[in-house]
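Listed below, chain by chain, are the residues.
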Amino acid sequence: MNDSDSTLGEQFQFAMGEFEASFPKSYRYAKNHMWATPSPDQSAASGSDQCVWRFGLSAYAVRLLQDVYFLDWIVDPGTPLSVRKTIGSIESKKAESDLFSPIAGELVAINGDAMDEPSVINASPYIDGWLIEIRGNTSEENLLSSDVYAEHLNEAWEVAQRTIKGQANH
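So, how was this worked out
Residues numbered from 1 in each chain as written. Predicted model: local features only at pLDDT ≥ 70, side-chain atom pairs only at ≥ 80, totals over all residues. Heavy atoms only, no water. 1 Å grid on protein atoms, 1.4 Å probe; cavity = no way out; pocket = protein on both sides within 12 Å on 5 of 7 lines; lining within 4 Å. Points joined across faces, edges and corners; volume = space filled by probe spheres on them. Helix = DSSP H or I, 4+ residues; strand = E, 2+ residues; numbered from the N terminus. Nonpolar A, V, L, I, M, F, W, Y, C, P; charged D, E, K, R; others polar. Pairing = 2+ DSSP bridges. Axes fitted to C-alpha atoms, helices over the stretch in contact; angles between N-to-C directions. Core = buried A, V, L, I, M, F, W, Y, C linked by side-chain atoms within 4.5 Å. Buried < 20%, exposed > 50% of the residue type's maximum accessible area, 1.4 Å probe, protein only. Contact = heavy atoms within 4.5 Å. Phe/Tyr/Trp six-rings, centres within 6.5 Å; stacked < 30°, edge-to-face > 60°.

Asker: Help me understand the layout of surface pockets, please; the structure alone is not making it clear to me.
Answerer: Over the atoms rolls a probe the size of a water molecule, and in doing so it shows where empty space is left. Estimated volume of the largest pocket: approximately 820 Å³. Contributing to the lining of the largest pocket are 28 residues, with Tyr60, Ala61, Leu64, Leu65 and Ala95 lying nearest its centre. Among the secondary structure elements, those contributing two or more residues to the lining of the largest pocket are α2 (59–65), β9 (96–100) and α5 (146–168). Considering each element in turn, the lining of the largest pocket owes the most residues, 8 residues, to α5. Class assignment for the residues of the lining of the largest pocket results in 16 nonpolar, 8 polar and 4 charged. Each pocket or cavity is described by its volume, and for the second largest pocket that value is around 170 Å³. Taken together, Ala30, Lys31, Asn32, Val83, Arg84, Phe100, Ser101, Pro102, Glu141, Asn142 and Leu144 make up the full set of residues lining the second largest pocket. Of the residues assigned to the lining of the second largest pocket, the class counts are 5 nonpolar, 3 polar and 3 charged.

What follows is the structure, encoded as structure tokens:
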């Protein structure tokens, strides 16, 4: 991954075995390992109770998936979304998985560049590899601070390790 440290600001690190993943501290995170930040076109600090949130896969998700090569969306911009609504799917070297809406709101944009060349998610998950934009509440309770997400990563990594070890034993 080559997202610039200077572009992303202060980051926290999380060790995934021998691999260390970096996460922008200023971003928020969903438990489904998507990051969130206000879209560059609109700021959550504008005083409105609505914000356009930009979402992508966190470094944790990208590392576990390895080599994303296909994205498919089953929703179009303008679609109202509920939390955990199936919105598409992703395929990679390691897995095929459904993608779920991290928040309730309205889908306003899909990153066409990532659709055309999904490998951008591997190279630049926090900048060029963003996936979708959703108009939702500025104080979205389903989005975790970086500190709370770091705690969630510890739990998720333990589960991932058990799953990986279980698959290796079969």
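So that's the structure; there's more coming.
Asker: When you look at the sheet that holds strand β5 (residues 50–57) in this model, what are you seeing that I'm missing?
Answerer: Strand pairing within a sheet occurs via backbone hydrogen bonds; the two strands may be parallel or antiparallel. Across the sheet, 6 strands lie side by side as β3-β4-β5-β11-β10-β7; this open sheet has antiparallel pairing. The outermost strands of the open sheet, each flanked by one partner alone, are β3 (28–29) and β7 (80–81). Where β7 meets strand β10 (residues 105–110), 2 bridges bridge the pair, whose relative direction is antiparallel. Its bridge partner lying in β10, Pro80 is registered against Glu106.

Asker: Explain the sheet that holds strand β6 (residues 68–73) here, please?
Answerer: One open sheet holds the 3 strands; their spatial order is β6-β8-β9, and the pairing between them is antiparallel. In the strand order of this sheet, the two ends are held by β6 and β9, each with one partner. On average, each strand axis in the sheet is inclined to that of its neighbour by 25 degrees, with strand direction left out of account. Alignment of β6 against strand β8 (residues 86–92), held across 5 bridges, turns out to be antiparallel. For Trp73, the partnering residue across the bridge sits in β8 and is Gly88.

Asker: Hey, could you run me through the nonpolar core in this one?
Answerer: In summary, soluble globular proteins display a tendency toward joint burial of nonpolar side chains. Phe55, Leu57, Ile121, Leu131 and Ile132 are the most contacted members of the largest nonpolar core, which totals 27 residues. Elements with a minimum of two residues in this core: β4 (34–38), β5, α2, β6, β8, α4 (120–123) and β11 (132–137). Of the residues forming this core, the biggest block, 4 residues, is contributed by β5. If we ignore the near neighbours within four places in the chain, the residues touching Phe55 are Met34, Trp35, Ala36, Pro102, Ile103, Trp130, Leu131, Ile132, Ile134 and Leu143.

Asker: Looking at this structure, I do not really get the packing of aromatic side chains. What am I missing?
Answerer: For any two aromatic rings, the description comes down to two numbers: the centre-to-centre distance and the angle of the planes. Applying the stated criterion across every chain yields a total of 10 aromatic pairs. Through a chain of ring-to-ring contacts, three or more aromatic side chains come together here, namely Phe12, Phe23, Tyr29 and Tyr149.

Asker: Which parts of the structure should I look at to understand the environment of Val75?
Answerer: With respect to the secondary-structure elements, Val75 resides in the loop between β6 and β7. Take Val75: its relative accessible area is 7%, and that puts it in the buried class. Along the primary structure Val75 and Ile87 are separated by 12 residues, whereas in three dimensions their C-alpha atoms are 5.6 Å apart. Those residues in contact with Val75, other than ones at most four positions away along the chain, are Leu81, Lys85, Thr86, Ile87, Leu107 and Ile110.

None of this, on its own, says anything about what the molecule does.
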